[in-house]
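# Structure assessment
One letter stands for each residue in the lines below.
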Amino acid sequence: MIHLLPQADHHRARDACAALEHHLAVWAVLEGTATGAVYVDDPIRPTAALVRSGYRFHLAGQPGNQAFTDDLGRLFSEDVYPKALA
């Protein structure tokens, strides 16, 4: 399952995004100094995350959560792509 974190909780995805330490936009979103969206597999203890900063998407964390992967597919096909085409 996928969860959109409220901005006040973006910091919870830090561990899941550790491999993206060189991507400043990701950390700016996680720290709350830049606007963006953070989608996670678990809102309390995320192990996978998708961070959106502007038109960029960064995916990080542990693979293997099929429900999260399926929900990501739906997010892109039902929300991201239609908005981009409009």
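The following paragraphs examine the structure supplied in this document. None of these values were measured; they are calculated from a predicted model.

## Examining the pattern of salt bridges
Evaluation of the coordinates by the stated rule reveals four salt bridges. The closest approach of N and O atoms between aspartate 9 and arginine 12, which form a salt bridge, is 3.9 Å. In this structure, the salt-bridge partner of aspartate 79 is lysine 83, at a minimum N-O distance of 3.0 Å. Note that aspartate 79 and lysine 83 are positioned in helix α2 (residues 66-85) at a spacing of four residues, about one turn of the helix. Since its relative accessible area comes to 23%, aspartate 79 is described here as partly exposed.

## Some details on the packing of aromatic side chains
Counted under the stated rule, the structure contains two aromatic pairs. Both rings, one in phenylalanine 57 and one in phenylalanine 76, keep their centres 4.9 Å apart while their planes meet at 55 degrees; by these two values the pair is tilted. Here phenylalanine 57 is found in strand β4 (residues 56-61), whereas its partner phenylalanine 76 is found in helix α2, with 19 residues between them in sequence. With relative accessibility at 26%, the residue phenylalanine 57 sits in the partly exposed group. Looking at phenylalanine 76, the relative accessible area reads 19%, which means it is buried. Between the aromatic rings of phenylalanine 76 and tyrosine 81, the centroid separation amounts to 5.7 Å while the plane-to-plane angle is 55 degrees, which identifies the pairing as tilted. Feature note: the residues Phe57, Phe76 and Tyr81 constitute an aromatic cluster, connected by ring pairs.

About the thresholds
Residues numbered from 1 in each chain as written. Predicted model: local features only at pLDDT ≥ 70, side-chain atom pairs only at ≥ 80, totals over all residues. Heavy atoms only, no water. Salt bridge = Lys/Arg side-chain N within 4 Å of Asp/Glu carboxyl O. Helix = DSSP H or I, 4+ residues; strand = E, 2+ residues; numbered from the N terminus. Buried < 20%, exposed > 50% of the residue type's maximum accessible area, 1.4 Å probe, protein only. Phe/Tyr/Trp six-rings, centres within 6.5 Å; stacked < 30°, edge-to-face > 60°.

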